[in-house]
Amino acid sequence: MNHALDSATLTVTPEAIRAYAELTDDFNPIHLDAQFAAGTAMGGVIAHGTMSVCLLWQALFHSFGNDAFEALELDIRFVKPVRIGETLTAGGEAEAPGTWRVWVRGDDGADRLNGTVRLNTSNAEGA
Amino acid sequence: MSRPITFDDFQPGATMGEHLETYGTELASRWQHIFGAQPADGAGGAAEAASIAVVMMMRAYLGVVAPRPPGNVHAGQRFSLQAVPRAGEAIRTVVSCVSKELRRERRYVELRTQGSGEGGRAIYDGRLTLIWAA
């Protein structure tokens, strides 16, 4: 029985942010316009939050394959902005049977998002 | 062009609109361009499909709640995946306003997105917590 998820990584480049904007149709200037973003509370360009959610899905896929996605419930907070140039790592630890404490972290080891995911599959029992 | 939707415009409990989007090859190839195009990356499998469900949620929110003021921030997310969308499947998403609240001079808005596929099968139920810019 595994107690940690297999990780997934992604380096956040301007090209990746632009491609994710096109994927989601989210062209909020806080993601794409350095001058605009510098004048906001974020203090600069930040990546789209759900880009990290997709990375978390990859960690679940690496850990459990397609079974992870039979049904699941995610509850997370975006706790720190993701900046251009960072390499993100998604992972997690078992918290209770079928429930995982999940996170996406930057190069500095600090969480960018964290929360829980509950997997409704017998192949993802965890602790 | 109409004025941007502001915090005052949100009506908790109100349905704001619907959005229809197909899980087509263009969305799939865009996801693969970012996250990888190999089966080991989840391409063509459930990791990609589950991501497309998240993409559907965002495209529905952005399509329905428009125009928006620039600079909104996505602060939190709950997401219940009930089934992964199938390649080629059209997903209908209903967007509604759950709540709005002023906290520490920030304007918090919670929106609900409920996605269903062919035959009305449930795909996802997502709740976005947003800090509204104006």
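Please refer to the structure higher up on the page.
Here the residue index of a chain counts from 1 through its sequence in written order. All chains are assigned letters beginning with A, and all ligands numbers beginning with 1, in the order in which they are written. In keeping with the model being predicted, local features are shown solely for residues with a pLDDT of at least 70 and side-chain atom pairs are shown and tallied solely at 80 or more, while totals for entire chains, interfaces and linings include all residues. Where side-chain values are given, they derive from all heavy atoms of the structure, hydrogens and water being excluded.

Visitor: Explain the overall build of chain B to me, please; I cannot follow it from the model alone.
Guide: Per the convention used, a helix needs a DSSP run of H or I reaching at least four residues, while a strand needs a run of E reaching at least two, with both numbered from the N terminus. Looking only at helices and strands, chain B features two helices and five strands. Dimensions of chain B along its principal axes, counting C-alpha atoms only, are 45 × 30 × 30 Å. Each residue's exposure class comes from its accessible area (1.4 Å probe, protein chains only) as a fraction of the maximum for that residue type: buried when under 20%, exposed when over 50%, partly exposed otherwise. By residue count, 54% of the 134 residues in chain B fall in the buried class. Partitioning the intrachain contacts of chain B with sequence separation of at least 6 by distance along the chain shows that 70% fall at a separation of at least 24. Should any heavy atoms of two residues lie within 4.5 Å, those residues are counted as being in contact.

Visitor: Sorry if this is basic, but what is going on with the sheet that holds strand β1 (residues 8–11) of chain A here?
Guide: Note on sheets: strands pair through backbone hydrogen bonds, and any given pair is parallel or antiparallel. The 10 strands are arranged β1(A)-β3(A)-β4(A)-β5(A)-β2(A)-β2(B)-β5(B)-β4(B)-β3(B)-β1(B) in an open sheet whose pairing can be described as antiparallel. The outermost strands of the open sheet, each flanked by one partner alone, are β1 of chain A together with β1 (15–22) of chain B. Pairwise comparison of adjacent strand axes, ignoring direction, gives a mean angle of 20° for this sheet. Pairs of strands are assigned from DSSP output, requiring at least two bridges between the strands. Pairing between β1 of chain A and strand β3 (residues 87–96) of chain A: four bridges, direction antiparallel. The convention used is that axes are lines fitted to C-alpha atoms, helices contributing only their stretch in contact, and that angles between N-to-C directions extend from 0 to 180 degrees.

Visitor: Where do I start with the environment of lysine 100 of chain B in this structure?
Guide: Residues and elements named next belong to chain B. By the secondary structure assignment, lysine 100 is in strand β3 (residues 90–103). Each C-alpha atom, one on lysine 100 and one on phenylalanine 10, is 7.3 Å from the other, the two residues being 90 residues apart in sequence. The residues contacting lysine 100, other than those within four sequence positions of it, are Phe7, Asp8, Phe10, Pro12, Tyr108 and Val109. In this structure the side chain of lysine 100 is engaged in a polar contact, spanning 3.4 Å, whose partner is the backbone oxygen of aspartate 8. In protein, a polar contact means a hydrogen-donor-capable atom and an acceptor-capable atom, both N or O and within 3.5 Å, with residues adjacent in sequence counting only if both atoms are side-chain atoms; elsewhere, any N or O pair within 3.5 Å suffices.

Visitor: Even after reading the chapter, I still don't get the pattern of salt bridges, so can you show me in this structure?
Guide: Pairs can form between side chains of opposite charge whenever their charged atoms are close. Within this document, salt bridges are pairs made up of a side-chain nitrogen of Lys or Arg and a carboxyl oxygen of Asp or Glu, the two lying within 4 Å of each other. Taken as a whole and judged by the stated rule, the model has 14 salt bridges over all chains. The partner of arginine 105 of chain A in a salt bridge is aspartate 111 of chain A, and the shortest N-O contact between them spans 2.7 Å. Aspartate 111 of chain A gets classed as partly exposed once you look at its relative accessible area, which sits at 22%. Where arginine 112 of chain B meets aspartate 125 of chain B, a salt bridge forms, and the shortest distance between an N and an O atom there is 2.5 Å. Separated by 13 residues along the polypeptide, arginine 112 of chain B in strand β4 (residues 106–116) and aspartate 125 of chain B in strand β5 (residues 122–132) bring together distant segments of the chain. Aspartate 125 of chain B gets classed as buried once you look at its relative accessible area, which sits at 17%.

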